[in-house]
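Working through the structure, step by step
Chain by chain, the residues run as shown.
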Amino acid sequence: MEQEHKRRVRYKGTHPRTFEEKYKELNPEKYSSDVDKIIKSGKTPAGMHRSIMVREILDFLNIQPGQIGLDATLGYGGHTAKMLEKLQGQGHLYATDVDPIESEKTKKRLADAGYGPEILTIRRMNFANLDQVAPDTKFDFVLADLGVSSMQIDNPERGFTFKFDGPLDLRLDPTAGVSAAERLRELDEEELIAMLVENSDEPYADRIARAIIRTQEKGISIDTTKQLAAIVEDALGFLPQKERKEAVKKSCQRTFQALRIDVNSEFEVLYSFLEKLPTVLNSGGRAAILTFHSGEDRLVKKAFKQYYKEGVYSEINDEVIRPSAQECFENPRAKSTKLRWAIKA
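Residues numbered from 1 in each chain as written. Predicted model: local features only at pLDDT ≥ 70, side-chain atom pairs only at ≥ 80, totals over all residues. Heavy atoms only, no water.

**A few points about the overall build of the protein chain**
- For the protein chain, the count of helices and strands is 13 helices and seven strands.
- Out of the 345 residues in the protein chain, the part that is buried amounts to 49%.
- Split by element, the accessible area of the protein chain, about 18000 Å² in all, is 48% carbon and sulfur. (Helix = DSSP H or I, 4+ residues; strand = E, 2+ residues; numbered from the N terminus. Buried < 20%, exposed > 50% of the residue type's maximum accessible area, 1.4 Å probe, protein only. Areas by Shrake-Rupley, 256 points an atom, 1.4 Å probe, with all protein chains shown as cover.)

**Considering helix α3 (residues 78-87)**
- Listed as buried for α3 are H79, T80, A81, M83, L84 and L87.
- Directly beyond the C-terminal end of α3, a positive phi value near 55° is found at Q88.

**Section: helix α7 (residues 189-200)**
- Between its terminal C-alpha atoms α7 stretches 16 Å, which fits the 16 Å expected from 12 residues at 1.5 Å a residue.
- For α7, every residue scored as buried is listed here: L192, I193, M195, L196, N199 and S200. Projection of α7 onto a plane perpendicular to its axis shows the buried side chains occupying an angular sector of 160°, all on one side. For α7, exposure combined with an orientation more than 90 degrees from the buried face picks out E190 and E198.
- Where α7 is buried, its residues meet α6 (180-186), α8 (205-217), α10 (241-263) and α11 (266-280).
- Two or three places before E190, at the opening of α7, D188 has a side-chain oxygen 3.2 Å from that residue's backbone nitrogen.
- D201 lies just past α7 and shows a positive phi near 50°. (Expected span 1.5 Å × (residues − 1). Arc of directions from axis to C-beta. Contact = heavy atoms within 4.5 Å. Polar contact = N/O pair within 3.5 Å; in protein donor to acceptor, adjacent residues only side chain to side chain.)

**Structural notes on the environment of L281**
- Residue placement: L281 occurs in strand β5 (residues 281-291).
- For L281, the contacting residues outside a window of four places in its chain are K138, F139, V142, R286, A287, Y313 and K344.

**A look at the sheet that holds β5**
- The seven strands are arranged β3-β2-β1-β4-β5-β7-β6 in an open sheet whose pairing can be described as mixed. The outermost strands of the open sheet, each flanked by one partner alone, are β3 (120-123) and β6 (313-316). The mean inter-strand angle of the sheet, taken between neighbouring strand axes irrespective of direction, is 15°.
- By the bridge criterion, three bridges tie strand β1 (residues 68-71) to strand β4 (residues 139-145) in an arrangement that is parallel. The residue bridging L70 from the neighbouring strand is V142, located in β4.
- The sheet strands contacting helix α2 (residues 54-61) are β4, β5 and β7 (338-344), and the helix crosses β5 at an angle near 165°.
- Across the sheet, α11 touches β4, β5, β6 and β7, and the angle it forms with β5 is around 150°. (Pairing = 2+ DSSP bridges. Axes fitted to C-alpha atoms, helices over the stretch in contact; angles between N-to-C directions.)

**Focus: the pattern of salt bridges**
- If you walk through the whole model with that rule in mind, you get 17 salt bridges.
- Note that D59 is salt-bridged to R55, the shortest N-O span being 3.7 Å. Taken as a pair, D59 and R55 lie in helix α2 at a separation of four residues, close to a single helical turn.
- For D59, a relative accessible area of 53% corresponds to the exposed category.
- The partner of R183 in a salt bridge is D262, and the shortest N-O contact between them spans 2.5 Å. With R183 in helix α6 and D262 in helix α10, the pair connects residues that are 79 residues apart, well separated along the chain.
- Via salt bridges that share partners, R55, E56 and D59 belong to a single interconnected network. (Salt bridge = Lys/Arg side-chain N within 4 Å of Asp/Glu carboxyl O.)

Rendered as structure tokens:
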């Protein structure tokens, strides 16, 4: 049956401004040359994710045909595709993701590239349960990219960005748990301060928490991303004008990060993953983890050091590995990335 033709979303002016209007970026296969131009300018196309530190990860994992591996954070599938290339049609790769929206798109994208169920198994589940992905299987390599995918950040409907207005959601799986808006209504001022400090080292945590609580005490429900960003901006109104703009931007980033971590129980999930990781690795199996902020990096560093001390891991990297200056220029979202790795004894 012939697919019904749908007209693209029209926009005002010479360039699309909203996420929905960026029809070329949202269809990269059809407009590949336009997408290439965007990438070469040092930007990430809307609705697309650029994998970080691919060369460094592949160099460490040293994937051989016939091995069995796990990509614990499927996302857009960039790392997954590169690992599948290394398998050369032999062995198997498992992948997990909690996002029901993006994982289905990625599954289709990889299937269209020739990676079907004979070489790739995708499970929609939290990577905290990595011991349940393939219960009778030990992995030769495991990758976990702890960053939020650009597709999630760019889509205003997901609530991860304060650049555009959208529902204050922030859930990686929008079908489970409570949204960030609901979570804000559950927390008192002291709990809010603790969340902002513990999850993102927010220096103005007390002022931001107080502003959120006062807003709610007036009977105003904080339901959108722009509402929360405006509250953060008001809370920092005491700062000198020349410092305020940059400070507000960073505090908004940290506030959204802290809420996202809380809503998705990210530290608890990561702790569970790190605890179970050695149990699913083969002897000599390799694990690589990409972190994006100090809280999660501290957890990974501590777990790797502890298991190395106990003899569970035979080797871990002493110095954290960072993306090259060239990669940071080409993909600014890579700047905060740290790579840590471990080898099972």
